[in-house]
2 protein chains.
Amino acid sequence: MKCTSLILVVLALVVVSCGKKQKENRNMKKIYKANILYTKYKDHFEMLENGYVAVDSNGRVIGVAADLASLGTDASQRRIILDGEDVEIIDFGDRLLIPAMNDLHVHASQYRNQGLAMDLELMDWLQRYTYPEELKYADTAYAEKMYCHFVRDLWRHGTMRACVFATSHTESTRVLMHIFQKAGMGAFVGKVAMNRDCPEGLAESVEEMMQGYESLIGGDVSQRRKSLGSLVRPIVTPRFIPSCTPEMLRSCGELAVKYQLPVQSHLSENKEEIRIVQKLEGTWYGDAYNRYGLFGQTPTVMAHCVYTDGEELELIKQNGVMVAHCPTSNINLTTGSIAPIRKFLDNGLRVGLGSDISGGHDLSISRMMVYAIQMSKMYHSQNPQRPFLSMSEAFWMATKSAGSFFGHVGSFEPGYEFDALVIDDSDLNQDNYSLQERLERFVYMGDDRQIAHRFCRGQEIMEPEL
Amino acid sequence: MKCTSLILVVLALVVVSCGKKQKENRNMKKIYKANILYTKYKDHFEMLENGYVAVDSNGRVIGVAADLASLGTDASQRRIILDGEDVEIIDFGDRLLIPAMNDLHVHASQYRNQGLAMDLELMDWLQRYTYPEELKYADTAYAEKMYCHFVRDLWRHGTMRACVFATSHTESTRVLMHIFQKAGMGAFVGKVAMNRDCPEGLAESVEEMMQGYESLIGGDVSQRRKSLGSLVRPIVTPRFIPSCTPEMLRSCGELAVKYQLPVQSHLSENKEEIRIVQKLEGTWYGDAYNRYGLFGQTPTVMAHCVYTDGEELELIKQNGVMVAHCPTSNINLTTGSIAPIRKFLDNGLRVGLGSDISGGHDLSISRMMVYAIQMSKMYHSQNPQRPFLSMSEAFWMATKSAGSFFGHVGSFEPGYEFDALVIDDSDLNQDNYSLQERLERFVYMGDDRQIAHRFCRGQEIMEPEL
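The shown structure was predicted, so the numbers you read here are calculated from the model rather than taken from an experiment. (Residues numbered from 1 in each chain as written. Chains lettered and ligands numbered in written order. Predicted model: local features only at pLDDT ≥ 70, side-chain atom pairs only at ≥ 80, totals over all residues. Heavy atoms only, no water.)

1. Points about the overall build of chain A
Here's step 1: When helices and strands are tallied, chain A shows 17 helices and 18 strands.
Here's step 2: Taking all 466 residues of chain A together, the buried fraction comes to 65%.
Here's step 3: Sequence-distant contacts, at least 24 apart, represent 76% of the contacts inside chain A between residues at least 6 apart.
Here's step 4: Per element, the accessible surface of chain A, about 16300 Å² overall, is 49% carbon and sulfur. (Helix = DSSP H or I, 4+ residues; strand = E, 2+ residues; numbered from the N terminus. Buried < 20%, exposed > 50% of the residue type's maximum accessible area, 1.4 Å probe, protein only. Contact = heavy atoms within 4.5 Å. Areas by Shrake-Rupley, 256 points an atom, 1.4 Å probe, with all protein chains shown as cover.)

2. Considerations on the interface of chain A and chain B
Here's step 1: At the interface, 43 residues of chain A touch 44 residues of chain B.
Here's step 2: Carbon and sulfur atoms make up 49% of the surface buried where chain A meets chain B, a total of about 3900 Å² over both sides.
Here's step 3: As a salt-bridge pair, Asp-447 of chain A and Arg-449 of chain B come within 3.8 Å of each other at their nearest N and O atoms.
Here's step 4: Viewed at the interface, chain B and chain A are joined by 20 residue pairs in polar contact (both at pLDDT 80 or more).
Here's step 5: When contributions to the side of chain A that touches chain B are tallied by element, the ones reaching two or more residues are α5 (140-156), α13 (327-332), α15 (365-382) and α17 (435-445) of chain A. (Buried area = accessible area lost by both parts, 1.4 Å probe. Salt bridge = Lys/Arg side-chain N within 4 Å of Asp/Glu carboxyl O. Polar contact = N/O pair within 3.5 Å; in protein donor to acceptor, adjacent residues only side chain to side chain.)

3. Here's the deal with the sheet that holds strand β6 (residues 101-107) of chain B
Residues and elements named next belong to chain B.
Here's step 1: Sheet architecture is open: 4 strands sit in the order β6-β7-β8-β10, paired in parallel fashion. The sheet is open, and its two edges are formed by β6 and β10 (232-234), each paired on a single side. Ignoring strand direction, the axes of neighbouring strands in this sheet form an average angle of 15°.
Here's step 2: Of the pairings in the sheet, the one linking strand β7 (residues 159-165) to strand β8 (residues 186-190) comprises 5 bridges and is parallel in character. Bridge assignment links Val-164 to a residue of β8, and that residue is Val-189. (Pairing = 2+ DSSP bridges. Axes fitted to C-alpha atoms, helices over the stretch in contact; angles between N-to-C directions.)

4. Some remarks on the side chain of His-361 of chain A
Here's step 1: When you line up the elements, His-361 of chain A lands in the loop between β15 (350-353) and α15.
Here's step 2: Of note is the side chain of His-361 of chain A, whose polar atom sits 3.1 Å from the side chain of Asn-332 of chain A.
Here's step 3: For His-361 of chain A, the residues in contact, after removing those within four places along its chain, are Gln-114, Gly-115, Met-118, Thr-328, Asn-332 and Tyr-371 of chain A together with Val-370, Gln-374, Tyr-444 and Met-445 of chain B.

5. Let's talk about the packing of aromatic side chains
Here's step 1: One pass over the full model with this rule turns up 33 aromatic pairs over all chains.
Here's step 2: Measuring from centroid to centroid gives 5.4 Å for Phe-418 of chain A and Phe-455 of chain A, while their planes differ by 55°, and the two rings are tilted. Remark: Phe-455 of chain A occurs in strand β17 (residues 451-456) and Phe-418 of chain A occurs in the loop between α16 (391-403) and β16 (420-423); sequence separation between them is 37 residues.
Here's step 3: You can call Phe-455 of chain A buried: its relative accessible area is 2%.
Here's step 4: Ring geometry for Tyr-111 of chain B versus Phe-150 of chain B: centroids 6.4 Å apart, planes at 80°, classification edge-to-face. (Phe/Tyr/Trp six-rings, centres within 6.5 Å; stacked < 30°, edge-to-face > 60°.)

6. Looking at the pairing of β6 of chain B
Consecutive side chains along a regular strand alternate between the two faces of the sheet.
All names here are of chain B.
Here's step 1: Within β6, 7 of the 7 residues are buried, which leaves it mostly tucked inside the rest of the structure.
Here's step 2: Both β6 and β7 contribute to a ladder of 5 bridges, which runs parallel. By the bridge assignment for β7, Asn-102 is matched with Arg-161.

7. Comments concerning the environment of Arg-367 of chain B
Residue and element names in this part refer to chain B.
Here's step 1: Turning to its location among the elements, Arg-367 is positioned in helix α15 (residues 365-382).
Here's step 2: Residue class for Arg-367 comes out buried when judged on its relative accessible area of 16%.
Here's step 3: When the C-alpha atoms of Arg-367 and Met-118 are compared, they prove to be 18 Å apart, with 249 residues separating the residues in sequence.
Here's step 4: Beyond its immediate sequence surroundings of up to four residues, Arg-367 is in contact with His-157, Asp-362, Gly-446 and Asp-447.
Here's step 5: A polar side-chain atom of Arg-367 sits 2.5 Å from a polar atom in the side chain of Asp-362.

Next comes the structure, spelled out in structure tokens:
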């Protein structure tokens, strides 16, 4: 019986030659053949040499197996594969197939300043470099030009999902959402709420903020429910406590609960900032967010957490808040310490990686993995009882752990959305390397040139137009 | 009189279209037009928008000027330009023209391990990953394959001069020297001297070491003198004190003085290593080298110097020893501290940058600049009285300071050898950036794709064959 089924499978296959760009057929199931690596658990890689991953017509993984026959061993899987639809096999030959990258913290509106202005600490840097640039986004034409470049660069680096800060300008935030939609990439896009200690052109009243968000959310309740599953959604984005009045923060919290929107902001990045928050709110940083309903009441990601410890660490854990670790930004802006990521992992916190352009200088989440490992080595030097991060842990943070903020994203386990990168590392592979070594070399030495194909929710994503 | 001269200059010019690859004409003087940036002093950039640099037929810079007329204002310069030879003008349009990169510390024989084996500290890493790889270089065919890739990659990254460790194998070291010679790139290449605490296939007797070096030096005394000016030369390379007996170290020192060869090794990288040296030699690390004539008796570069301070710092200064700062290697191998580069600069030490493949994972000296700045920010956090490095300081270390180890290299001042890179940053330059901002963005965000042309000692260097 099993043999007969397999013959039927083979007859139904549309075999396609290796690695060529395919015309998408949204109604077909797909089976991808390649060297497959992913992290189900953080402490090791799942690896299949010349393995198969089957993806259903909704872009969800059916299963992964070492050979085609094994894909059919589970009764329900066999039925799905054999239910009469065509199945297309795409053979990527000797290439690597890995989950796509997720960027949990990036400021699209600071795209122009990437690689610049590395000579100041956080608070001065905001006033002198960042706010002047963000003011330009009142002009939607400027926003469109820069955001197109930004999304194209995200694509280049294989980042298929991102938590993005735009600016406080509603219309240019809408432009950014449209660009992501058109590209087919996943993004939670934040119109930035801010009304304190910032330039006039960036500050909004609480009413303006609410109206802006509601205009971006759009539609009636049934449409809104539907939008919960869409790739591009608004995310409630109070800039950080120093730039928001209590009323603004309270309204942000209400907005998140009312429309079941996720939340993103900054937490405990810099000592001076922490001092300001304590003075403004009369409590510690995480507790302040929590009082306003902005700390896990809906899915929440907080960037940095360099100085998070004690009560704040406990509250993050209790509320399931996601930490976005931004190692390059932390060094570039001289935060003065190292985020205790190993301690977070030991305590079961959720941690992903963020490029934090333009505090960070590099959009590549691969390079964030490298920096995360390196920073953890510095931390380990000062805290020998905390081992540094392994490659599988860094990879897991960038894929499955960060991906969990977007749903079932970042792994090839059954039911996960098929977000994937095909890596052609032939130019890095001049000797006999193991699969894991090939992946390590790609992460440490590679760049976008090795990324041959990108998939988001089962669809191949082609280069976005500028 | 001045006007007449200028007319003659203009008549003699052979104007060549922008940026096309030129057939080299070794007998012609060249004038390059571009946006020129270099560091005469470490604290700021010299910048000429649409400036000119004139290069004589020996590949040395005649002068740099904002316009053609100014190139003729110095009497001796005018004479050189007008002595009857053709002068070719090459217009690089809006591109940047900067000095080429110099890598003061890199292990060519660890090329295969680049991006791998980041899970151990120095001493274990040597025994478990590094020595097994170096043993393979007994096979010159393997060496040739790997060294060709290595030199091609150096070229890609715009590194035109390097201090390179090969292995203890004389014949494969010769292969590496030939590959550099064929490429036209500058390199001091070290056959590695080692005879203690290392695998049998890497250890040599002192006599074998001496004979090997003499065979690489070759020729009679007059030839040897001539070779002092050649682009590729041997460099005396005791691996480091723990792998050399006193007799080996003494012989290395004698070899350096006898043949006036430069010296390279490792210094004070790791606490365990320092402890071993103290035990073996009964003195501190730098003093041990110095007693053997390996610490500035001839031009000497020492990699790392993470723990250098006090007497060792003073001796480095007194002896004019060059420090090769290898920031990625220091983090990757968890040396446990940060090399005090600002302190070195404040004390007038000579400092350059090294990629230290494969302790370091990245051959790009641009990215070494970024890491050097970042590490100096971490150091600044712990030592607030020491400001972190500026971009111009990092650039100066990579170009003029490191270049001084190879002669007059790394600047566009008159008399300097024309080692240069032409940077086409059009894909990073979507807005109105200043020249310095463009350079910063190239350093922080760019890679070999932006390097449009490479020059070493006045000759354009084309991609080496594999």
